[in-house]
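Examination of the molecular architecture
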Amino acid sequence: MMMSMNPLLWLILTVINIYFWIILASVILSWLVAFNIVNRSNSYVRQIGVALDRLTEPLLKPIRRFLPDLGGIDISPIILLIAMQFFGMVVTWLFVNLGWA
């Protein structure tokens, strides 16, 4: 017998998982542009970059304001990914301990 998951918990964890992959795609694209593997003058690459920036910047920008200057190294995505994983674990813990899971 398989135990079913609360639909709200499933939705929260799924959104976190999807956003995890969006952040990862943004980081990989920024590396590809930095190492001249892809060029932002390509309209397809530019469209993907703009979409990823619009999806990630609202959460990354506040984190960057608090981080010290590390000489061109941006660790804000790592901090956001850790915070998202922590949030997912807290939500899961709350659902289980409140008997909603």
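Turning our attention to the pattern of salt bridges. Within this structure, the stated rule accounts for three salt bridges. Notably, a salt bridge pairs Arg40 with Asp53, separated by 3.9 Å at the nearest N-O pair. Taken together, the residues Arg40 in the loop between helix H1 (7-34) and helix H2 (43-66) and Asp53 in helix H2 connect sequence positions 13 residues apart. Residue Arg40 is classed as partly exposed on the basis of its relative accessible area, which comes to 31%. Overall, Asp53 belongs to the partly exposed group, its relative accessible area being 29%.

Notably, Asn36 is not glycine yet its phi reads approximately 55°, a positive angle. Assignment of secondary structure puts Asn36 in the loop between H1 and H2.

Before going further, it helps to spend a moment on the packing of H2 against helix H3 (residues 76-97). Interhelical geometry of H2 versus H3 gives an angle of 110° and a closest axis separation of 9 Å. The pairing of H2 with H3 is recorded here as roughly perpendicular in orientation. Once H2 is placed against H3, the crossing between them reads as right-handed. Packed against H2, whose contacting residues are Leu59, Leu60, Ile63 and Arg64, the element H3 presents Ser76, Pro77, Ile79 and Leu80 at the interface. For the contact of H2 with H3, the residue count by class is six nonpolar, one polar and one charged.

Basis of the calculations
- Residues numbered from 1 in each chain as written.
- Predicted model: local features only at pLDDT ≥ 70, side-chain atom pairs only at ≥ 80, totals over all residues.
- Heavy atoms only, no water.
- Salt bridge = Lys/Arg side-chain N within 4 Å of Asp/Glu carboxyl O.
- Helix = DSSP H or I, 4+ residues; strand = E, 2+ residues; numbered from the N terminus.
- Buried < 20%, exposed > 50% of the residue type's maximum accessible area, 1.4 Å probe, protein only.
- Axes fitted to C-alpha atoms, helices over the stretch in contact; angles between N-to-C directions.
- Parallel < 35°, antiparallel > 145°, perpendicular 65-115°, else oblique.
- Left-handed = near helix turned anticlockwise from the far one by under 90°.
- Contact = heavy atoms within 4.5 Å.
- Nonpolar A, V, L, I, M, F, W, Y, C, P; charged D, E, K, R; others polar.

Geometric descriptors of this kind do not, in isolation, establish any biological role.
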